[in-house]
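Below, each chain spelled out in residue letters.
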Amino acid sequence: MKPWTLEDYREIVNLPTHLVVVIGADSTFLKANEEVNPILMWHPDDIIGEKAKNFIHPEDWEETYVTMSGLYLGTRSLITDFTNRCLRKDGTYRWISWSASLRQGKIYALGVDVTEKMQFEHELTIQGLVLESISEGVVICDEEGTIVYSNSAEENLLGYQSDELLGKPMQIINAHDKIESKERLKKVFEDIETDGIWIGEWDNIKKDGTRFTTSCRVTTLMLNEERHLVIVQRDITTKKKRQKEKDELQNQFRMVSDRLSLAVKTGKIGIWEWKPGSDKVSWDEVVEGIYGYAPGTFSGDVADYSNGIHPEDREPMWIKVSESQAKKEAYLVEHRIIRPNGEIRWVQCSGNTIYGDNGEPTLMMGTCMDITEKMVANLDQQFLSNISETLSSSFNIQENLRIITESAIGYFCDGCVIDQLRPDGDIRRTVVAHKDPEIRQKVFQIHEKYPQHYSSEHPLFTALITGKTVVIEDARTTWQGLKERFGDGYFVDIAHINSRGTITVRLKGRDNLLGTITFFTGQHSNYKFDQRSKWLAEEIAYRASMAIENSLLYLNSQEAIKSRDEFLSIASHELKTPLTSLTLQNQMRLRQLEKGDHSVLQEHKFRRAMDADDRQLRRINRLIDDMLDIARIRAERLTILKEEFEFCHFISDVIERFTPQMEAAGCPITVSLTTPVKLQGDLYRIEQVVVNMLTNAMKYGAGQPIKIEVTKTNYKVSFLVHDKGPGIDSKDVDRIFQRFERAVSGRDISGLGLGLYISRQIVEQHDGTLFVTSEVGKGSTFVMELPLHA
Ligand code: ADP
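Residues numbered from 1 in each chain as written. Predicted model: local features only at pLDDT ≥ 70, side-chain atom pairs only at ≥ 80, totals over all residues. Heavy atoms only, no water.

A. Quick look at the packing of helix H21 (residues 647-664) against helix H22 (residues 683-700). Two elements in contact, H21 and H22, have axes whose closest approach is 11 Å; the angle formed by their N-to-C orientations is 40°. Regarding the angle of H21 to H22, the classification is oblique. The handedness of the crossing between H21 and H22 is right-handed. Within the contact between the two elements, H21 uses Phe647, Phe650, Ile651, Val654, Ile655, Arg657, Phe658, Gln661 and Met662 and H22 uses Leu683, Ile686, Glu687, Val690, Val691, Leu694, Thr695 and Met698. (Axes fitted to C-alpha atoms, helices over the stretch in contact; angles between N-to-C directions. Helix = DSSP H or I, 4+ residues; strand = E, 2+ residues; numbered from the N terminus. Parallel < 35°, antiparallel > 145°, perpendicular 65-115°, else oblique. Left-handed = near helix turned anticlockwise from the far one by under 90°. Contact = heavy atoms within 4.5 Å.)

In structure tokens, the structure reads:
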């Protein structure tokens, strides 16, 4: 740099706010400008001729002297930014930054007051020292989020080397994702705006990627007129973990204590104490409650306590207590108690004995818990499984129903009634259980005296029709409607039964309704119907239904077996008859021939014999065909080959072929046909049906006239065969169309009971119907209806 000229000096001498001094080689002030006054409070004359050393802070003089000497000695030609403290007239110092150069053996120096700046920097240094020294992590960032400062605690916390964080974005230490960070920062700035500070928790990432949570305080700081964020952080991961553990423990504890207090509150666990030998026992309110006493009303007498135990359980309970004392062990017993109001409940009692120094028992104490619900549930299960077991051992319906009703009474009700639904829709009261025979009888009588029908509001029908269990708290008031219907008498009769509550449940098998079962309690009963009773009633009803259904299935299967056996014996008989007669005929002819009698070979005799044989063979054939058809129907292999044919013509043909037989059976026939009618069907199979109808009419109506009719509507053609035979009982009408079923018993009239069954199958395969209308003693009309447009 070029040395200053005088002009330079002149120019700068008058520069305001700049201090200008000229110092001689002996370090005295030779000149000073006016600025010495506003900056240092001196007048130029005060310092001119004075030693510079007198105006420099003692701590700075040495450096100042060395610097000035450098200029004199020519080791440096120019001084810039040299700062020292200069004395003011009031004894204080100002920081002055000097630029100086040597000219003609004198130092020309230009000074600027930098006190403020120095103070700020000084403060910053101090602040920095403070920040360094605090154990919490401190990080300062500008508004863009660039880190401008981090203390060593922060660097340790995050695992960075010193100053490694400087200039990096805050994001590298932030564990929250972008969106979350944005939200959180918004809140930080809002809080700072209003409170000047944000305090909260922040998740951070260490250099090695581990995450941790800090408790965080954020404030702002103006540095170089720019807002900065100062973040002070403390790792609270361990603290948090501990807090979590503590919270969990506390929660568990709270849960246990809640449960305990709940148990205590609901009156389930109580505490008792007894000094062995004393006649007083001490109970807390819970034990009192369990035993049915209001708080504070139990006498405390051991005798009263003992009397409260169910008589059957008293002795076993005391035995258990003395055994436990003998073994010096705690005991646990379950026994029944009887509350002062007569209610029976189950309790579980534990007890332990404390012994004195001499080994004598000094105190017994323990807990008492009401376990009625658990015990009742166990007993109910036991009760139901007993019922199931008994039922499975027999198929006798009435006996089973008696067992069910009798085990129910005395267990949860006083009486039990079963009303069974009969196939004709009638309801029959079949079983009544009650320990009083007079009431039993009345319950039967009421049913007969006041026959109900389906529209009645009687619970029996409600249950039967809707399937919903009907529970009635007080039968006498609820059945008011029935009183109105049947008059006061009904009400009086009901009152005689003395019933209070009733529960009626439907009995239902897999596919059919079986009836109802009703449980009832007496007016002064120990039993009260509640949810449990309803559940029990339904469970019993379910078992009763199963029992009835199984018995019915069993009976049916027995019937089926019986029919089959009968069929086999009839079938063999039926087959045997023609075979026997064939065999006999043959033997007879052989014998005649052997004797030389050839008359059997005469044409008319031979023809008759052949005809007779042919009939027998046809009979055998028919039987075998029927049996084969049955097998086909069972295997669903009865094939129908349809073709178009004219029905009336076809019927005339069959009748014509039948006429000789009809005449032989003494059955005059009248036939009435309609106009020709075209049908689609299997000729062979329909003929089978017609033949069967005609044969039956002939068989069962032998010696009586038979009327045959064909009628027609737009949709169907009907073939009717009227006979004047014995007719069929209405109860047998359905049965005769079933396999092996015959209304006539035994072997009065031959037949396998297959014809109608096979015929109905054939007609149904043609989408038609086969049915009978009949009156015993007057004859029957069998009708085959076939659709016209099948
Ligand atoms: P089957 O006649 O070989 O016994 P079916 O199946 O043809 O077998 O008839 C079944 C039963 O129906 C007969 O056993 C008989 O009891 C009754 N039945 C059939 N047709 C008549 C009729 N026309 N009159 C009275 N009973 C009849």
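B. Focus on the side chain of Thr781. Relative to the helices and strands, Thr781 is located in strand E27 (residues 779-787). The class for Thr781 is buried, based on a relative accessible area of 13%. A polar contact of 2.9 Å, which involves the side chain of Thr781, links it to the side chain of His722. Not counting the four nearest positions on each side in its chain, Thr781 is found in contact with Leu720, Val721, His722, Phe771, Val772 and Thr773. (Buried < 20%, exposed > 50% of the residue type's maximum accessible area, 1.4 Å probe, protein only. Polar contact = N/O pair within 3.5 Å; in protein donor to acceptor, adjacent residues only side chain to side chain.)

C. A nonpolar patch on the surface, seen in detail. Together, Phe395, Leu552, Tyr554 and Leu555 make up a nonpolar patch on the protein surface, roughly 330 Å² of accessible area in all. Structurally, Leu555 can be placed in helix H19 (residues 531-594). Overall, the relative accessible area of 42% leaves Leu555 in the partly exposed class. (Patch = residues over 30% accessible without salt bridge, like charges linked within 9 Å, V, L, I, M, F, W, Y side chains within 5 Å. Areas by Shrake-Rupley, 256 points an atom, 1.4 Å probe, with all protein chains shown as cover. Salt bridge = Lys/Arg side-chain N within 4 Å of Asp/Glu carboxyl O.)

D. Spatial organisation of the nonpolar core. Counting residues in each nonpolar core, the largest one holds 49 residues, and the members touching the most others are Phe647, Val690, Leu694, Phe719 and Met784. The element that contributes the greatest number of residues to this core is H21, accounting for 8 residues. Beyond its immediate stretch of four places on either side in the chain, Phe719 contacts Phe647, Ile651, Val690, Met693, Ile708, Glu709, Val710, Phe782, Val783 and Met784. Core analysis: the second largest hydrophobic core is formed by 29 residues, Phe383, Ile409, Leu536 and Ala537 among them. (Core = buried A, V, L, I, M, F, W, Y, C linked by side-chain atoms within 4.5 Å.)

E. How the structure looks around the packing of aromatic side chains. Considering all chains together, one arrives at 20 aromatic pairs under this definition. Relative to Tyr65, the ring of Trp61 lies with its centre 5.8 Å away and its plane at 45°, an arrangement referred to as tilted. One end of the pair is Trp61 and the other is Tyr65, both in helix H4 (residues 58-72) and 4 residues apart, which spans about a single turn. On the accessibility criterion, Trp61 (13% relative accessible area) is buried. Accessibility expressed as a relative area gives 47% for Tyr65, which makes it partly exposed. Aromatic ring contacts, followed pair by pair, group Trp283, Tyr291, Tyr293, Phe298, Tyr305 and Trp318 into a single cluster. Sitting over the ring of Phe212, Lys206 keeps its end group 5.2 Å from the ring centre. For Arg760, the ring lying beneath its charged end belongs to Phe737, and the centroid distance is 3.9 Å. (Phe/Tyr/Trp six-rings, centres within 6.5 Å; stacked < 30°, edge-to-face > 60°. Lys NZ or Arg CZ within 6 Å of the ring centre and 35° of its normal.)

F. Just the side chain of His434, in detail. Looking at the element boundaries, His434 is found in strand E17 (residues 427-434). In terms of polar contacts, His434 uses its side chain to reach the backbone amide nitrogen of Asp436, at 3.0 Å.

G. Spotlight on the sheet that holds strand E11 (residues 269-274). Here 5 strands make up an open sheet; going across it, the order is E12-E11-E15-E14-E13 and the pairing antiparallel. The sheet is open, and its two borders are formed by strand E12 (281-283) and strand E13 (331-338), each paired with just one other strand. For this sheet the average axis-to-axis angle between neighbouring strands, irrespective of direction, equals 25°. Set on the sheet, helix H11 (residues 311-327) makes contact with E13, strand E14 (344-355) and strand E15 (361-370); between it and E13 the angle comes to about 160°. (Pairing = 2+ DSSP bridges.)

H. Seen up close, the state of the cysteines. Counted by the stated rule, this structure contains 0 disulfides. With no disulfide of its own, Cys349 lies 3.7 Å from the sulfur of Cys368, the closest cysteine sulfur. Residue class for Cys349 comes out buried when judged on its relative accessible area of 4%. Between Cys416, a free cysteine, and Cys413, which holds the nearest cysteine sulfur, the sulfur-to-sulfur gap is 5.6 Å. Judged by its relative accessible area of 0%, Cys416 falls in the buried class. (Disulfide = S-S within 2.5 Å.)

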